[in-house]
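Architecture and fold: a report
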Amino acid sequence: MDSEDVSPFGYDAFRRSCPSHAVLETLASKWVYLVICALRRGRLRNGELARKLEGITPKMLTQTLRILERDGLVRREIFPVIPPRVEYELTELGQNLAGLLNQIRAWSEQHVPDIKNARARAAEQQEDLDA
């Protein structure tokens, strides 16, 4: 194992039994990723999140928010009004993660043309092999 793969915290995400492996599995969810990025600029209500995250179902949004709240990344505040108002915001831990995820999101948006070109080349090569 490379010395750069060893965590100073005693965890090794490359090991299936390592708790950090489970954290990475959660973070690999597209919706977890996008909810965290959406909340980066501040509090949002459920409906605001649903409108921002095109394609997410109400069930998936609820599940994702519950996971993020459970893991200490999102805080939910319920306001005692009628009808009830619920807002979500990132915790300090969530804000810390959001900065990293936002960099990855920006990288992916910047390199869409590169990835599309690579995929087109790969498809052409596959067509040549299939011919």
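Summarised in this report is the structure supplied together with it. Keep in mind the model is a prediction, meaning the values are calculated, not measured.

Criteria and cut-off values
Residues numbered from 1 in each chain as written. Predicted model: local features only at pLDDT ≥ 70, side-chain atom pairs only at ≥ 80, totals over all residues. Heavy atoms only, no water. Helix = DSSP H or I, 4+ residues; strand = E, 2+ residues; numbered from the N terminus. Rg over C-alpha atoms; globule rule 2.2 N^0.38 Å. Areas by Shrake-Rupley, 256 points an atom, 1.4 Å probe, with all protein chains shown as cover. Lys, Arg positive; Asp, Glu negative; His and termini not counted. Charge placed at Lys NZ, Arg CZ, Asp CG, Glu CD. Phe/Tyr/Trp six-rings, centres within 6.5 Å; stacked < 30°, edge-to-face > 60°. Lys NZ or Arg CZ within 6 Å of the ring centre and 35° of its normal. 1 Å grid on protein atoms, 1.4 Å probe; cavity = no way out; pocket = protein on both sides within 12 Å on 5 of 7 lines; lining within 4 Å. Points joined across faces, edges and corners; volume = space filled by probe spheres on them. Pairing = 2+ DSSP bridges. Salt bridge = Lys/Arg side-chain N within 4 Å of Asp/Glu carboxyl O. Buried < 20%, exposed > 50% of the residue type's maximum accessible area, 1.4 Å probe, protein only. Expected span 1.5 Å × (residues − 1). Contact = heavy atoms within 4.5 Å.

Turning to the overall build of the protein chain, a few remarks are in order. Helix and strand counts for the protein chain come out as 6 helices and 3 strands. Helices and strands appear in the protein chain in the N-to-C order α-α-β-α-α-β-β-α-α. For the protein chain, whose C-alpha radius of gyration is 19 Å, the value lies well above the compact-globule estimate of 14 Å for 131 residues. Carbon and sulfur atoms make up 53% of the accessible area of the protein chain, which totals about 9,900 Å². Counting 19 positive and 19 negative side-chain charges, the protein chain places the centres of these two groups 10 Å from one another.

In this section: the packing of aromatic side chains. Using the criterion set out here, one finds 0 aromatic pairs in the structure. The ring of Phe-79 carries Arg-85 above its face, with NZ or CZ at 3.9 Å from the centroid.

In this structure, the largest pocket encloses a volume near 240 Å³. Around the largest pocket sit Pro-19, Ala-22, Val-23, Thr-26, Leu-27, Arg-70, Asp-71, Leu-73, Leu-93, Asn-96, Leu-97 and Leu-100, which together line it. Secondary-structure elements contributing two or more residues to the lining of the largest pocket are helix 1 (19-27) and helix 5 (92-110). Ranked by the residues each element gives to the lining of the largest pocket, the list is headed by helix 1, at 5 residues.

Let us now look at the pairing of strand 2 (residues 74-79). In this structure, strand 2 lies alongside strand 3 (residues 85-90), joined through 6 bridges in antiparallel fashion. Residue pairing in the sheet places Arg-76 in a bridge with Tyr-88 of strand 3. As consecutive antiparallel partners, strand 2 and strand 3 are separated by 5 residues.

The next thing to look at is the pattern of salt bridges. Where charged atoms of side chains with opposite charge meet at close range, the side chains can pair. Scanning all chains against the criterion turns up 8 salt bridges. Measuring nitrogen to oxygen at the nearest pair gives 3.1 Å for the salt bridge that ties Glu-89 to Arg-75. Of this pair, Glu-89 sits in strand 3 while Arg-75 is found in strand 2, placing the two residues 14 residues apart along the sequence. Between Arg-85 and Glu-87 there is a salt bridge whose closest N-O contact spans 3.3 Å. Note on Arg-85: relative accessible area 27%, which makes it partly exposed. For Glu-87, a relative accessible area of 14% translates into the label buried. Look at the salt bridges and you will find they share partners, linking Arg-43, Arg-75, Glu-77, Arg-85, Glu-87 and Glu-89 into a network.

When the terminal C-alpha atoms of helix 5 are compared, their 27 Å separation across 19 residues agrees well with the 27 Å that a helix rising 1.5 Å per residue should span. The inward-facing, buried residues of helix 5 contact helix 1, helix 2 (30-38) and strand 3.

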